[in-house]
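Structural description and commentary
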Amino acid sequence: MHSLYIRNIHEMTKAEMFHKIIKVGHRKVAKSDDDFAHPTPVQPNLPQQPQIPAAAPPERPPLSAIENLPTFRDVVAVDRHDLFSQKVKICCVQFDFSDTLKSAEEKEIKRLTLIELVEFIQSGSGKITEANQGELINMISTNIFRCFLPASHETTDSVNAEAEDENPFFDPSWPHLNLVYELLLQYVISPDTDTKTAKRYIDHLFVMKLLDLFDSEDPRERECVKTILHRIYGKFMVLRPFIRKMINNIFYSFVYETGRQNGMAELLEILGSIINGFALPMKKEHKVFLSRVLIPLHKPKALGMYHGQLSYCITQFVEKDCGLADTIVMGLLKCWPVINSQKEVLFLGELEEVLDGTNTVEFQRCMVPLFRQIARSINSSHYQVAERALFLLNNDHIVELISQNRSVILPILFDALQKNTQSHWNQVVHGLSLNVQITFMEMDGDLFEECRKQYKEREGKCKELEEQRELTWQRLEAAAASAV
């Protein structure tokens with residue numbers, strides 16, 4: 001009998017054996033109703049691999065995956081958690097939003113489902129379970145965490161950066177993304193969200209991916225991410241040091257490596273609020289952040305895109321601790337632009353804000369190199385630079401500081417002011433220079449006259465040297481002519 005069975009096996013064709021294996025595989029799959037609806041071939045004698053979610057969904061999801069479900073009001077409270085889970089699964093399906101006609105019905109179902117989820121969490125009508133929270137964060141991550149096109153990072157020059165700022169990019173999927181961000185925001189700020197439970201999902205990895213979204217070219221998305229990250233910083237105290245560290249790393253990369261980051265302004269807005277909450281006396285960590293991160297941010301070409309927010313952060317440090325004014329002024333002088341007049345105007349405006357919060361002691365530590373630079377700016381051939389430097393000398397607090405140290409400062413500025421009144425091409429600069437001279441004359445007439453006397457002596461010596469140089473050249477020319 002045994003030999004007969006072996007002979008029958010040998011007589012089987014390969015096609016029959018394959019057919020038999022496939023039939024066995026299909027019988028195993030049929031044990032589950034769900035698997036029966038979507039049969040998948042099973043390879044025998046292979047260990048079952050864990051299911052990994054696909055990186056990209058199918059172009060057109062089956063209608064069974066996207067379907068209208070009853071509202072939360074239509075079901076009893078006991079069934080709402082299961083309904084919540086089903087609605088979250090619907091929102092995990094992604095679509096191609098570049099084609100508005102593609103899967104239009106399914107897109108609308110997803111949009112309405114997202115709106116309902118937002119309203120459900122916002123109303124607080126039912127506290128979601130821990131399992132629901134995990135599903136919710138997974139759905140949010142699936143929708144918002146994505147790679148941006150490399151083309152958005154190819155332009156690094158300031159001219160093109162300004163052009164992009166004038167014509168910002170708008171993501172076609174924003175109507176859905178906006179609702180997903182709103183859902184995340186409502187989850188974070190909800191009083192029903194327990195931080196001990198939520199921190200299992202709002203963890204370091206989630207924050208890192210959230211920070212990557214600041215590189216989005218859509219300003220609406222960056223604004224949403226800014227609001228959410230700020231809320232996370234306020235609610236999850238355990239994440240605060242990590243958030244600050246990761247923001248520092250983004251700034252380091254921007255200054256020393258890439259020179260490109262779309263979300264600099266938004267990140268600095270968050271930092272401005274964080275700095276405002278620093279306790280006194282200020283920690284060494286925060287002072288190091290000022291000198292190694294904030295001040296070097298003045299170097300990149302794209303400074304104009306985020307200078308307002310950066311200047312606010314700098315002045316917050318001065319308001320917290322006026323003793324840092326010397327560090328800031330000397331740092332700005334090291335980063336001072338040489339050929340970029342627009343950046344120089346920004347620097348002068350920031351200097352005025354810093355000096356507004358400076359006391360006499362700190363001012364005296366940096367006043368000599370500071371006013372040497374201001375004198376150079378006063379003599380700038382670019383009228384906007386010269387105007388801005390002269391306006392700085394009209395600030396009441398700065399004039400008071402100058403008055404207390406006029407014996408040092410007036411001799412530094414006098415030559416620059418005198419040259420402007422004599423030869424500057426712009427009439428506005430000429431008039432402003434004359435007004436500053438009058439202010440100094442009223443401040444200390446004797447010192448002003450002494451500076452004028454020294455200026456005339458220097459001019460006389462320079463004139464004599466020029467005449468001697470001219471005579472020397474004439475003698476050389478005559479000698480060369482006679483030798484020929």
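Since the model is a prediction, treat every value here as computed from it, not as a measurement.

A few points about the side chain of Asn 262
- Among the secondary structure elements, Asn 262 is positioned in the loop between α12 (240-258) and α13 (264-276).
- Residue Asn 262 is classed as buried on the basis of its relative accessible area, which comes to 15%.
- Side-chain polar atoms of Asn 262 contact the side chain of Arg 260, separated by 3.0 Å.

Things to note about the packing of helix α22 (residues 427-443) against helix α23 (residues 445-483)
- One can describe the packing of α22 onto α23 by two numbers: an axis separation of 5 Å at closest approach and a directional angle of 125°. When the axis of α22 is compared with that of α23, the two are oblique. From α22, Gln 437, Phe 440, Met 441 and Met 443 reach across to α23, where they touch Gly 445, Phe 448 and Arg 452.

Quick notes on helix α6 (residues 130-144)
- With 15 residues, α6 extends 21 Å from end C-alpha to end C-alpha; this agrees with the ideal 21 Å at 1.5 Å per step.
- Among all positions of α6, only Asn 132, Gln 133, Gly 134, Leu 136, Ile 137, Met 139, Ile 140, Ser 141, Asn 143 and Ile 144 are buried.

What to know about the side chain of Glu 352
- Inspection of the secondary structure assignment puts Glu 352 in helix α17 (residues 341-356).
- By relative accessible area, Glu 352 is classed as buried at 16%.
- Not counting residues within four places of it along the chain, the set of residues in contact with Glu 352 comprises Arg 388, Leu 392, Asn 395 and Ile 398.

Examining α13
- Counted at 1.5 Å a residue, the expected span for α13 with its 13 residues is 18 Å, and the 18 Å between its end C-alpha atoms agrees.
- Burial analysis of α13 places ten of its 13 residues in the buried class, the great majority of the element.
- Within α13, the full set of buried residues consists of Met 264, Ala 265, Glu 266, Leu 267, Leu 268, Ile 270, Leu 271, Gly 272, Ile 274 and Ile 275.
- The inward-facing, buried residues of α13 abut α10 (204-212), α11 (219-235), α12, α14 (284-294) and α15 (307-320).

Re the packing of aromatic side chains
- Applying the stated criterion across every chain yields a total of 14 aromatic pairs.
- Summarising the aromatic geometry, the rings of Phe 414 and Phe 448 are spaced 5.2 Å apart at their centres and angled 70° between planes, so their arrangement reads as edge-to-face. Residue Phe 414 is found in helix α21 (residues 406-423), and its partner Phe 448 is found in helix α23; the two are separated by 34 residues along the sequence. Per residue, the accessibility class of Phe 414 equals that of Phe 448, and both read buried.
- A connected cluster of aromatic rings, assembled from ring pairs, spans Phe 72, Phe 84 and Phe 120.
- A cation sits over an aromatic face here: Lys 87 above Phe 72, 5.5 Å from the ring centre.

Quick word on the pattern of salt bridges
- Summed over the entire model, instances satisfying the criterion amount to 16 salt bridges.
- Linking Glu 108 and Arg 111 is a salt bridge whose minimum nitrogen-to-oxygen distance equals 2.7 Å. Taken as a pair, Glu 108 and Arg 111 lie in helix α5 (residues 104-123) at a separation of three residues, close to a single helical turn.
- By relative accessible area, Glu 108 is classed as partly exposed at 36%.
- In this structure, Asp 171 and Arg 146 form a salt bridge, with 3.4 Å as the shortest nitrogen-oxygen distance. Highlighted residues: Asp 171 in the loop between α7 (158-166) and α8 (174-189) and Arg 146 in the loop between α6 and α7, separated in sequence by 25 residues.
- Where salt bridges share partners, they join Arg 146, Asp 171 and Glu 221 into one cluster.

Side note on the environment of Ile 144
- Its location among the elements puts Ile 144 in helix α6.
- Assessed through its relative accessible area of 0%, Ile 144 is described here as buried.
- Between the C-alpha atoms of Ile 144 and Tyr 181, which are 37 residues apart in sequence, the distance is 7.9 Å.
- Ignoring any residue separated from it by four or fewer positions in sequence, one finds Ile 144 in contact with Leu 177, Val 180, Tyr 181, Leu 184, Leu 210 and Leu 213.

Here we look at unusual backbone geometry
- Each neighbour pair has its own omega, and for Leu 280 with Pro 281 the value is 0°, a cis peptide bond.
- Locating Pro 281 in the fold gives a position in the loop between α13 and α14.
- One non-glycine residue, Ser 103, lies in positive phi territory at about 55°.
- For Ser 103, a relative accessible area of 2% puts it in the buried group.

The rules behind each value
Residues numbered from 1 in each chain as written. Predicted model: local features only at pLDDT ≥ 70, side-chain atom pairs only at ≥ 80, totals over all residues. Heavy atoms only, no water. Helix = DSSP H or I, 4+ residues; strand = E, 2+ residues; numbered from the N terminus. Buried < 20%, exposed > 50% of the residue type's maximum accessible area, 1.4 Å probe, protein only. Polar contact = N/O pair within 3.5 Å; in protein donor to acceptor, adjacent residues only side chain to side chain. Axes fitted to C-alpha atoms, helices over the stretch in contact; angles between N-to-C directions. Parallel < 35°, antiparallel > 145°, perpendicular 65-115°, else oblique. Contact = heavy atoms within 4.5 Å. Expected span 1.5 Å × (residues − 1). Phe/Tyr/Trp six-rings, centres within 6.5 Å; stacked < 30°, edge-to-face > 60°. Lys NZ or Arg CZ within 6 Å of the ring centre and 35° of its normal. Salt bridge = Lys/Arg side-chain N within 4 Å of Asp/Glu carboxyl O.

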